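What follows is the residue order along each chain.
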Amino acid sequence: MTVHFIGAGPGAADLLTVRAVNLLRESTVCLYAGTYLDPEVLAHCAPEAELIDTQGLDLDRITAHLVGAHAAGKDVARLCSGDPSLYSAVTEQTRRLDAHAVPWDITPGVPAYAAAAAVLGTELTVPEVAQSVVLTRTQARSTAMPPGEALANFAATGATLALHLAITRIRVLAEELSAEYGPDCPVAVVYRASQPEQLVLRGTLTDIADQVEAAGLRQAAIVLVGRAIAAGIDCAQSHLYDPARVRPPIS
C-alpha cells in the first residue's frame, strides 16, 4: 500500500485540494500534526480511519507507524501543514520509507505564505516594486542555516520576504532588516491564516515587534516584509496588460 504525504494547507478544512480530500477518504490510517491543524480537516477522513497525532513523536516513531500500516496492507495519509515542499521533513521521512521499500507519493497544498497574502488581500510581487519572493526561516533552537543563507543577504535584494518559524525572534529580525529595508518598511504578521483563531497584525519594522509581543504570539505565524505589501500601494502597470501590447480580438 502507499503512504500519501498530503499538504493540509494553512488549516482551513475547505482549503484542501480535491485530490487531498479523496485520499483522506480512502486512507484507513491518518497521521497529522495536531499543533497546527484545524481539527475540522480530519472530518474529511473516513469514519473508521485510525487517527494518530504526531505531536510529540520523533521521526523514528512516525516511521514505525507508516511502515506498520503498510505491512498491514493499509493506505496512509500523512498530513503536512501548508505545502509539503516547505519545512515538512518530507525528505527525511521518504528516505526512511525508501529504506523499508514502502511506496509513497506527494499531494501539494496551499502554502502558508499564499494563505497569508490572501488574508491580507495583497500580491507579493508588484510591478517595479518587487518581483521576487524569498521563502526562508531563521535559526534559534533549530537546524543550522546553510552557509550563505544569512538573512542580510536576502534582505539586500529588496525582495518580499516570507519568514517562517521566525515569530519568536521578531524583535531581533526587525532590527536586522531595518538596515536594508528601512525602519518604515511595511510588515504583516498573519497568525493561523484561514483558521478560526486567525489574527492579522500590520505595521512597520519599527513597531511590529511591540504588536507581536503584546498579542503573545509564539508559533503558527508567517511574517511578510517588503514594500510590495503596503496597504493601498500605487504601482506601475504590468507589461502584460499594457494597452499598447494587448490586441483586440479578431472578429
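Each remark here, short or long, concerns the structure printed above.
Since the structure is predicted, the reported quantities are computational estimates derived from the model, not experimental observations. (Residues numbered from 1 in each chain as written. Predicted model: local features only at pLDDT ≥ 70, side-chain atom pairs only at ≥ 80, totals over all residues. Heavy atoms only, no water.)

Enquirer: Please explain the state of the cysteines as it appears in this structure.
Expert: Enumeration over the complete set of coordinates arrives at 0 disulfides. The closest cysteine sulfur to the non-disulfide-bonded Cys30 is located on Cys45, 3.9 Å from its own sulfur. (Disulfide = S-S within 2.5 Å.)

Enquirer: What's the story with the packing of helix H2 (residues 59-71) against helix H3 (residues 90-99) in this structure? I'm lost.
Expert: Two numbers describe how H2 lies on H3: the axes approach to 10 Å, and their chain directions differ by 50°. When the axes of H2 and H3 are compared, the pair comes out oblique. In the crossing of H2 with H3, the sense of the turn from one axis to the other is right-handed. Where H2 approaches H3, its residues Leu59, Asp60, Ile62, Thr63, Leu66 and Val67 are matched on the opposing element by Glu92, Gln93, Arg96 and Leu97. Its residues assigned to classes, the contact of H2 with H3 shows 5 nonpolar, 2 polar and 3 charged. (Axes fitted to C-alpha atoms, helices over the stretch in contact; angles between N-to-C directions. Helix = DSSP H or I, 4+ residues; strand = E, 2+ residues; numbered from the N terminus. Parallel < 35°, antiparallel > 145°, perpendicular 65-115°, else oblique. Left-handed = near helix turned anticlockwise from the far one by under 90°. Contact = heavy atoms within 4.5 Å. Nonpolar A, V, L, I, M, F, W, Y, C, P; charged D, E, K, R; others polar.)

Enquirer: How do you make sense of the pattern of salt bridges when you look at a structure like this?
Expert: Side chains that differ in charge, positive against negative, can pair when their charged atoms come close. All told, the structure shown has 4 salt bridges when counted by the stated rule. The salt bridge partner of Asp210 is Arg171, with a shortest N-O separation of 2.7 Å. On the criterion of sequence distance, the pair formed by Asp210 in helix H7 (residues 208-215) and Arg171 in helix H6 (residues 170-181) is long-range, its members being 39 residues apart. Classification of Asp210 by relative accessible area gives partly exposed; the value is 46%. (Salt bridge = Lys/Arg side-chain N within 4 Å of Asp/Glu carboxyl O. Buried < 20%, exposed > 50% of the residue type's maximum accessible area, 1.4 Å probe, protein only.)

Enquirer: Looking at this model, I keep getting lost on unusual backbone geometry. Mind explaining?
Expert: For Ala89, which is not glycine, the phi dihedral falls at a positive 60°. Within the secondary structure, Ala89 sits in the loop between strand E4 (76-80) and H3. The residue Leu165 is not glycine, and still its phi comes out positive at about 50°.

Enquirer: Whenever I open this one, empty space enclosed by the protein confuses me. Can you help?
Expert: It is a probe the size of a water molecule, rolled over the atoms, that shows where empty space is left. Evaluated as defined, the whole model comprises 1 cavity of 30 Å³ or more. Computed from the structure, the largest cavity encloses a volume of approximately 30 Å³. For the largest cavity, the full set of lining residues is Leu163, Ile170, Leu173, Ala174, Leu177, Val187, Leu205, Ile208 and Val223. Top contributing element to the lining of the largest cavity by residue count: H6, with 4 residues. Split into classes, the residues belonging to the lining of the largest cavity amount to 9 nonpolar, no polar and no charged. (1 Å grid on protein atoms, 1.4 Å probe; cavity = no way out; pocket = protein on both sides within 12 Å on 5 of 7 lines; lining within 4 Å. Points joined across faces, edges and corners; volume = space filled by probe spheres on them.)

Everything listed is a geometric property; what it means functionally is a separate question.
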